[in-house]
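Structure at a glance
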Amino acid sequence: MAEIVRKSSVDEILNHWILAGSCILLMITGFAFLFHMEAVASVFGGFNTMKEVHNWGGVVFTLSMLYSMRHYLKDAFEYDADDAQWFKVAGGYLSHKVKVPPMGKYNPGQKLYYLAVVGAGIAIALSGFAIWFMKDNGTIMLLAHLVHNVAFCIFVLAVPVHIYLGTLANPGTFKLMVSGTLPLEEAKRRYPKWMKAAGKM
Amino acid sequence: MANETKNRKGMMVTPELCIGCRACQVACKSWNQLPGTKTTNNGTYQNPPDLNSTAFNLIRYNEVPGQENPVRWLFVSRRCMHCEEAGCMTICPTGAIYRTADGAVAVNRDKCIGCKLCTNACPFDVPRYDAENKMTKCHQCSDRTAAGMLPACVKTCPTGALKYGDRDEMIKTAKSDGFKTIYGEQDLSGLGTVYAFKDEPKLYGMKENPTIPGSVVFWHTYLKPLSFIGLGGVVAAAAIHYLAIGPHKEKEEV
Amino acid sequence: MTNHWIDLKNADVILAMGSNPASNHPISMKWIMRAREKGAKLICVDPRFTQTAAKADLYAPLRSGTDIAFLGGMINYILEKDLYFKDYVVNYTNASFLVNPDYKGPADLDGLFSGYNAEKRNYDKKTWSFQLDENGIALKDPTLQNPNCVFQLLKKHYSRYNVDKVVDITGTPKDKLLAVYELFGSTGKPDRAGTECYAMGWTQHTVGTQNIRTMTIIQQLLGNMGIAGGGINAMRGEANVQGSTDYGLLFHILPGYNPTPNASLVDLATYNEKNTPKTKEPRSVNWWSNRPKYIASYLKAVYGTAATKENDFGYSWLPKIDVGQNASWLMIFDKMLKGDFEGFFAWGQNPACSGANSNKTRQAMTKLKWLVNVNLFDNETGSFWRGPGMNPKEIQTEVFMLPCCSSMEKQGSIANSGRWAQWRYKAVEPIGQSMPDAEIINELFFKVKELYKKEGGAYPDPIVNLAWEYGEKDAAGKVKHVDVHAIAKEINGYWLEDVYDNKVSPPKLIGKKGDLVTSFPSLQADGTTSCGNWIYCNSYILKDGKEVNMMARRGKDDPTGLGLYAGWAWAWPVNRRIIYNRASVDLQGQPLDPKRPLVKWDAGKKAWIGDVPDGPAPPMGTDGKFPFIMKPDGVASIFGPGLAEGPFPEHYEALECPVEANAMSKQRVNPTIKIFGDKMDAFASCDARYPFVGTTYRVSEHWQTGCMTRHCSWLLEMQPQNFVEMSLELAKDLKVGNGETVIVSSARGEVKAVAVVSERFKPFKIASSTVHQVGLPWHFGWQFPEDGSGYDSANLLTPNVGDANTMIPESKAFMVNVRKA
Ligand code: HEM
Ligand code: SF4
Ligand code: SF4
Ligand code: SF4
Ligand code: SF4
């Protein structure tokens, strides 16, 4: 039997999926608000309950996002020459012919994506809470409303890309994100620098 | 967006005819079954001091210096303007605020989630919230007008300071009656509550150049479409990528 | 009102003085605004810049209590500038009449008229009379030149009211004063109509009646009486206060303005003899000569079959007042305080807050054995024993509360200010145990009658003989429920016998027994007709064999365009919409103002067209009658000897006033007023402790003492608290800020109020000094709102001194102080 390596702990996996789930939920409900989608609202039992779902979903999202920092934040700030080269070849996504430099546990695209999620996430969370709780301050309300929606745009652009890359574009990634483990051989191929650092290569 | 509603009905307020009797305030409460609230005299006849969740209209008593006399006392009805470009309606995240067939801006209580965004998008500070945090305001008596009746406040007004009818026609009549300024004729693509003045509307405490807050306009014109087009664009890009370039193929890399 | 609400739209100039129609009579303001839209001018004269002032084309302030000076100046102006309507004055007024040469006026007697008795504080009116010819008809000088004619005497009297003098008294800026005179004076032309709207701002003064008299003189000079858009219009605030006056609310009149009998009028013949005016003038209709018919028919309505020719139709059962007795409000409470009453029905009123000098009223009630409070709500009267300053343990008065229902909860008629009797229907069922007033009276009546029958008592006849056929009776003979239609029909009157016109042969049947009478000319003095109130005769008639309630009519036709709406409800008398309307035509019966033809004589048909004319007689210039049919002389009285103070109004200061002397004469206050002298009746004139003029008024949101309106949270929300309005200047002197609570005090009491400081009150320049005035509404009371946040009644401040004719208290001009609370 081939040796298996663990890439993500159970904790990490749970965290990821709670974050992702709440985010999707918030996006769907957010969209439904933005475009007054009665049909979507009725799935949640009307706008009033959907509001509750959205608000409390926001709490879950915020907490899991903060928690996720413990897993990813350090990595997300570390970049090397290979990462620069990665950008030059656009991660190999625009052509399968180019040579993609060896990567660590996360490629810089993922790291930047994470930073975007954290940045926009903090913004959307802060503004969301402001809209929720600071109703009587007009200036804050209007600002928060704007920020919430700007951040939403970032999510709207970033999240589908992430999902695509994590599923169709990179077969096997989804499985990895469920189990947290992958065969050593595969790990060596995909995350050589991580494996080296781990002494497996 | 301008003049979307055909044969738009509207409210014509003529402060020059208003005698400050406040029958309109009472009629509104009576029709809408709103309670009276505990107030104090604050050194003015104006009471309650401003609109609240149980006061959809009120008479402002403005004292301004006069020429003939030491003072002029102006009575102006304050209420929802039923804007053609209604900030409240634009920002409402649930569509609870809607436009009636007659062109009034009304609220569907059931849909309102009490987020209070509307109050900030309203150029006239009109929306108020009841005990259940539902938005309340003048609905131009849409329940009465739908049944062919006049709004309660209009019906009771003894002097014709409040009128309800075809908006264009009322404006025409007011102009031919010598009211030079029709406040709200063009503002926000035309208010549904217009005011006929012979003097400067400013004198009567009317807001000059009412506008919807810039951030709301920006959000409405750019961000909202962007989030929609953006989503579509990203999904489309992914689809094209998948078809044109295809997913990562492990083998090739070896 | 001589005219009616809608008629205000026909005016060219509207003078709102002594009233604030925008606040207190908003519906009148509707028609005033209509008039303005057509170009009419609204003048507002008021101490305070009111809501009416805010709408006026011309506003002039005046110090409270100086209306006669203001209007006297206007008379002088009209005469000096020849603005009066000469033909009208000569033909339709007593201007040309020659007055007794012994008559002397204030110009000769320093503020008094001839015949004054200082001890009795009244006048012997002997010299206030006309010179008569050998036929007993007044001598006249149609050229108006005779120095003893009314016109010349008027001129002499008011020449003293020159503009500078008036300005010194009223504090009105001179330019404003002249502008008012000029504008209102412009209605002396035949094609211009000027009207006057007054309310309590004129009546509630020691010279109240004379305030109004002064205006009637102006309206006569300008030819504004009896025309569309003219008249003198008492704005009655309560929907049915006209009705209550018509039905003898006041102590000195019976229903239909027949005098209350006094002890000296021992029988009906004497009563008729004393109270039926006579004239030798053949062309005067002298309508009151019909008095005996109205009284006999009234007695028949009251006592029914018990009233016979033999017993003077029960005249002796009518309650009588003593000769010279004044039984008005102030007297009642004065007597009550002295312990002269055992019990008191406070029916639909709240004297603890409405009575001038309410402290006295409240104290007076402590002297009662019992008090019955009939009202919608308990109020400061029913609860007086637990009010401020009262010790319930010491008060023995037993109080009963009888809840009555509101006007929406019953059917019946109301008579509005324009004399329109309108039938109203019940909208909702009475709440709880409340009953319509008529039902309460019905219950009381049968109980009292039963007791009289059982126990006898001092004088049971007036009660046991009352006719009470108001509905189905039970086995014991008690009316189960009052049928208001039965009452309305009794008021209109019935033929009690078959009555024939014996002047034609064969005699023609003019009235069939049991039928409703058609109108008052049919009423008889011999007991063959009944009529509860002659002026309402014709309100419920027989038409094509069917009984028709004229008051319930809802016709909306207005063929004249003048807003008469003759088919809407019914107006007394005989559906006449504007009284004295025959003064609107020239001697040939053609409208003086062709733009507003009210009535018109059709010489061909020998009939009047338009409004119901004041009598069918042809116009004066043909062989007709004079237009002022209620006046013995048939003309309007510029010289009016009927009132207590004199035939021409003269300016006197209020009992409490800020000036040491009356600028017009040595006579500072009205020489004929009754001054109560006890310690509870204190007053303070020119007293440094009470330096500011005070006045009271009403706001739109509340009604009278607020008993009905304070309980309505919608209204209370708009006017939640007693307030006192004052100028910025006074507030600065007192260091009082807008919205701060202050205490207003007078010689009689004090009350808390929120200071409303604004430019709407301005200090007055009176001669060389500055006079400040403040004003308070009188809608509040300690009992509700229950937390006392509304404060108490402004009537704690007002003086209990009355007009010399009506005894209406002087609550519009008194002296107060204001201090920080
Ligand atoms: C993180 C915590 C969040 C909180 C506390 C929050 C709160 C809110 C609130 C209060 C509203 C106004 C309507 C309502 O009351 O429901 C709102 C609207 C909305 N939210 Fe959130 N939200 C959060 C996160 C998100 C996320 C992650 C997204 C999507 C990525 C999102 C998208 C939206 C959108 C699109 C709207 C409608 C905006 C509009 O129509 O103006 N929200 N959010
Ligand atoms: S006035 Fe305010 S509440 Fe009324 S329609 Fe306009 S934006 Fe909406
Ligand atoms: S408070 Fe109600 S009406 Fe106002 S924006 Fe929110 S959902 Fe719409
Ligand atoms: S239109 Fe109706 S809801 Fe609006 S203020 Fe008038 S009475 Fe109130
Ligand atoms: S009812 Fe008419 S006149 Fe009276 S306060 Fe209202 S708008 Fe003015």
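These numbers were taken from a predicted model, which means no experiment stands behind them. Residue positions are counted from 1 within each chain, in the order its sequence is given. By the order in which they are written, chains take letters starting at A while ligands take numbers starting at 1. Where local features are concerned, this predicted model is filtered to residues with pLDDT of at least 70; where side-chain atom pairs are given and counted, the filter is 80 or more; whole-chain, interface and lining totals use all residues. As a rule here, side-chain values cover all heavy atoms of the structure and leave hydrogens and water aside.

1. Some points on the overall build of chain C
- Helix numbering and strand numbering both begin at the N terminus, where a helix is a DSSP run of H or I of at least 4 residues and a strand a DSSP run of E of at least 2. Of regular secondary structure, chain C possesses 22 helices and 29 strands.
- C-alpha atoms define the radius of gyration, and 2.2 Å times the number of residues to the power 0.38 defines the globule rule. For chain C, whose C-alpha radius of gyration is 27 Å, the value lies close to the compact-globule estimate of 28 Å for 821 residues.
- For chain C, the C-alpha atoms occupy an extent of roughly 85 × 70 × 55 Å along the three principal directions.
- Using a 1.4 Å probe on the protein chains alone, a residue whose accessible area is under 20% of its type maximum counts as buried, one over 50% counts as exposed, and one in between counts as partly exposed. Within chain C, the fraction of its 821 residues that count as buried is 58%.
- Counted over contacts in chain C with a minimum sequence separation of 6, partners at least 24 positions apart contribute 70%.
- Only the protein chains shown count as cover for residues, and all accessible areas are computed by the Shrake-Rupley method using a 1.4 Å probe. Working note: accessible area of chain C is about 31,800 Å², and carbon and sulfur atoms make up 54% of it.
- Across chain C, the mean location of the 92 positive side-chain charges is 2 Å away from that of the 88 negative side-chain charges. Note on contacts: a residue pair qualifies if any of its non-hydrogen atoms lie within 4.5 Å across the two residues. Positive: Lys, Arg. Negative: Asp, Glu. His and the chain ends are not part of the count. To locate a charge, the coordinates of NZ of Lys, CZ of Arg, CG of Asp or CD of Glu are taken.

2. Comments concerning the site of ligand 1
- Close contacts around ligand 1 come from 25 residues, with Met27, His54, His145, His148 and Phe152 of chain A the closest.
- Per-site note: the chains with residues close to ligand 1 are chains A and B.
- Interatomic distance of 2.7 Å between a side-chain N/O atom of His54 of chain A and a nitrogen atom of ligand 1.
- Within the side chain of His148 of chain A, a nitrogen or oxygen atom sits 2.7 Å from a nitrogen atom of ligand 1.
- Considering only residue class, the shell around ligand 1 consists of 15 nonpolar, nine polar and one charged. Near, as used in this document, describes a residue that has one of its heavy atoms within 4 Å of the molecule or strand being considered. A 3.5 Å cut-off defines polar contacts: any pair of N or O atoms within that distance qualifies, except that in protein one atom must be a possible hydrogen donor and the other a possible acceptor, and neighbouring residues in sequence count only when both atoms are side-chain atoms. Asp, Glu, Lys and Arg are counted as charged, while Ala, Val, Leu, Ile, Met, Phe, Trp, Tyr, Cys and Pro are counted as nonpolar; the rest, among them Gly, fall into the polar class.

3. Section: the site of ligand 2
- Taken together, 14 residues form the shell around ligand 2, and within it Cys80, Met81, Cys83, Cys88 and Cys122 of chain B come nearest.
- The residue inventory of the shell around ligand 2, partitioned by class, reads 11 nonpolar, two polar and one charged.

4. Some thoughts on the environment of Ala86 of chain B
Residues and elements named next belong to chain B.
- By the element assignment, Ala86 lies in the loop between β3 (71-78) and α2 (87-91).
- Separated by 66 residues in the primary sequence, Ala86 and Ala152 have C-alpha atoms spaced 23 Å apart.
- The residues touching Ala86, leaving out its near neighbours within four places in the chain, are Arg99, Val105 and Ile212.

5. As for the environment of Thr193 of chain B
All names here are of chain B.
- Here Thr193 is to be found in strand β10 (residues 193-197).
- Overall, Thr193 belongs to the buried group, its relative accessible area being 0%.
- The sequence separation of Thr193 and Tyr164 amounts to 29 residues, and the corresponding C-alpha distance is 9.1 Å.
- Ignoring any residue separated from it by four or fewer positions in sequence, one finds Thr193 in contact with Met11, Val13, Arg79, Cys80, Met81, His82, Gln140 and Tyr183.
- In this structure the side chain of Thr193 is engaged in a polar contact, spanning 2.8 Å, whose partner is the backbone oxygen of Cys80.

6. Comments concerning the side chain of Ser685 of chain C
Residue and element names in this part refer to chain C.
- If you trace the backbone, Ser685 turns up in the loop between β21 (607-610) and β22 (692-697).
- Judged by relative accessible area, Ser685 falls into the buried class, the value being 17%.
- Side chain to side chain, Ser685 and Arg668 meet in a polar contact 3.4 Å long.

7. Quick word on the interface of chain A and chain B
- Between chain A and chain B, the residue contacts involve 38 residues of the former and 38 residues of the latter.
- Summed over both partners, the interface of chain A with chain B buries about 3,600 Å², with 67% contributed by carbon and sulfur atoms.
- Think of a salt bridge as a Lys or Arg side-chain nitrogen and an Asp or Glu carboxyl oxygen that are within 4 Å of each other. Between the two partners, chain A and chain B, sit two salt bridges.
- With its nearest N and O atoms 2.3 Å apart, the salt bridge here joins Lys111 of chain B to Glu38 of chain A.
- One can count 10 residue pairs in polar contact (both at pLDDT 80 or more) joining chain A with chain B.
- Where the side of chain A that touches chain B is concerned, the elements lending two or more residues are α1 (10-34), α3 (47-76), α6 (138-166) and α8 (184-190) of chain A.
- In terms of residue count, α6 of chain A provides more of the side of chain A that touches chain B than any other element does, 14 residues in total.
- In terms of residue class, the side of chain A that touches chain B is made up of 23 nonpolar, nine polar and six charged. Using a 1.4 Å probe, buried area is obtained as the accessible area two parts lose upon being combined, added over both of them.

8. Overview of the interface of chain B and chain C
- Each partner contributes residues to the interface: chain B has 37 residues there, and chain C has 40 residues.
- Here chain B packs against chain C, burying approximately 3,100 Å² in sum over the two surfaces, 55% of which is carbon and sulfur.
- At the junction of chain B and chain C, the tally comes to five salt bridges.
- When the shortest N-O distance is used, the salt bridge between Glu701 of chain C and Arg22 of chain B registers 2.7 Å.
- On inspection of chain B and its partner chain C, the count reaches 19 residue pairs in polar contact (both at pLDDT 80 or more).
- At the level of elements, α1 (23-32), β2 (58-65) and β3 of chain B are the ones that each hand at least two residues to the side of chain B that touches chain C.
- A total of four residues in the side of chain B that touches chain C trace back to one element, the largest contributor, which is α1 of chain B.
- Split into classes, the residues belonging to the side of chain B that touches chain C amount to 16 nonpolar, 15 polar and six charged.

9. Here we look at the domain arrangement of chain C
Residue and element names in this part refer to chain C.
- Parsing chain C into structural domains produces domain 1 (5-237) and domain 2 (692-820).
- Residue ranges assigned to the domains are those given by an automatic or database domain assignment. Taken over C-alpha atoms, the centre of domain 1 sits 28 Å from the centre of domain 2.
- Listed per partner, the contact involves 28 residues of domain 1 and 28 residues of domain 2.
- Between domain 1 and domain 2, roughly 2,100 Å² of surface is buried when both sides are summed, and carbon and sulfur atoms account for 53% of that area.
- On the domain 1 side of the interface with domain 2, the three residues burying the most area are Arg48, Gln204 and Thr206, jointly 30% of the side's total.
- Connecting domain 1 to domain 2 are one salt bridge.
- Here domain 1 is connected to domain 2 by 11 residue pairs in polar contact (both at pLDDT 80 or more).

10. Comments concerning the domain arrangement of chain B
Residues and elements named next belong to chain B.
- Taken domain by domain, chain B comprises domain 1 (2-204) and domain 2 (213-246).
- Opposite the four residues of domain 1 that make contact, domain 2 presents four residues.
- Counting the surface lost from both domain 1 and domain 2, the interface buries some 350 Å², and carbon and sulfur atoms represent 79% of this.
- When residues of domain 1 are sorted by the area they lose upon contact with domain 2, Thr90, Ile91 and Ala121 head the list and together hold 83% of the total.
- Where domain 1 touches domain 2, the interface holds zero salt bridges.
- Our count for the domain 1 to domain 2 interface comes out at zero residue pairs in polar contact (both at pLDDT 80 or more).
- Tallied by class, residues from the side of domain 1 that touches domain 2 come to two nonpolar, two polar and no charged.

11. Quick look at the coordination of the iron atom of ligand 1
Residue and element names in this part refer to chain A.
- Those protein atoms acting as donors to the iron atom of ligand 1 are His54 (NE2) and His148 (NE2), and they sit at 2.1 Å.
- Here a donor is any nitrogen, oxygen or sulfur atom (N, O, S) within 2.8 Å of the metal, with 3.2 Å used for Na, K and Ca; water is not among the atoms considered, so some sites may look incomplete. In short, tetrahedral needs four donors with all angles between 85 and 135 degrees, square planar needs four and octahedral six donors with opposite donors over 155 degrees apart and all other angles between 65 and 115, and whatever is left is irregular. Here the iron atom of ligand 1 binds six donor atoms, and the angle range of 83 to 180 degrees at the metal identifies the geometry as octahedral. Taken together, the positions of His54 in helix α3 and His148 in helix α6 put the pair 94 residues apart, joining distant regions of the chain.
- His54 gets classed as buried once you look at its relative accessible area, which sits at 15%.

12. Considering the sheet that holds strand β11 (residues 370-375) of chain C
Residues and elements named next belong to chain C.
- DSSP-based pairing: two strands are paired if at least 2 bridges between them are found. Read across the sheet, three strands follow the order β10-β11-β12 without closing on themselves; strand pairing throughout is parallel. Since the sheet does not close on itself, it has two edges, and those belong to β10 (343-347) and β12 (398-403), each with one partner. Here the average twist between neighbouring strands, direction ignored, is 15 degrees.
- Bridge analysis of β10 against β11 gives five bridges, and the strand direction is parallel. Opposite Ala346, over in β11, you have Asn373 as the bridge partner.
- The strands that helix α18 (residues 437-455) touches are β10, β11 and β12; relative to β10, the one it contacts most, it runs at about 155 degrees. To get an axis, a line is fitted to the C-alpha atoms, and for a helix only the part in contact is used. The angle between two axes follows their N-to-C directions and goes from 0 to 180 degrees.

13. Describing the pairing of strand β17 (residues 540-543) of chain C
All names here are of chain C.
- Note that β17 and strand β18 (residues 546-549) share four bridges and pair antiparallel. Bridge pairing in β18 links Leu542 to Glu547.
- The turn linking β17 back onto β18 is made up of two residues, and Asp544 within it adopts a positive phi angle of 50 degrees.

14. Notes on helix α13 (residues 268-275) of chain C
Residues and elements named next belong to chain C.
- Inspection of α13 places Leu268, Tyr271, Asn272 and Asn275 among the buried residues, and these make up the whole buried set. With its buried residues spanning 95 degrees around the axis, α13 presents them on a single face. Among the exposed residues of α13, those oriented more than 90 degrees off its buried face are Ala269, Glu273 and Lys274. As used here, the arc is the angular range of directions from the helix axis to the C-beta atoms.

15. Side note on a nonpolar patch on the surface
Residue and element names in this part refer to chain A.
- Only residues above 30% relative accessible area that lack a salt bridge enter a patch, with like-charged residues linked at up to 9 Å and the nonpolar side chains Val, Leu, Ile, Met, Phe, Trp and Tyr linked at up to 5 Å. A grouping of Val10, Leu14, Ile18 and Val60 is seen on the molecular surface, where their side chains present a nonpolar patch of about 340 Å² in accessible area.
- At three residues, α1 tops the list of elements feeding residues into the nonpolar patch.
- When you line up the elements, Val10 lands in helix α1.

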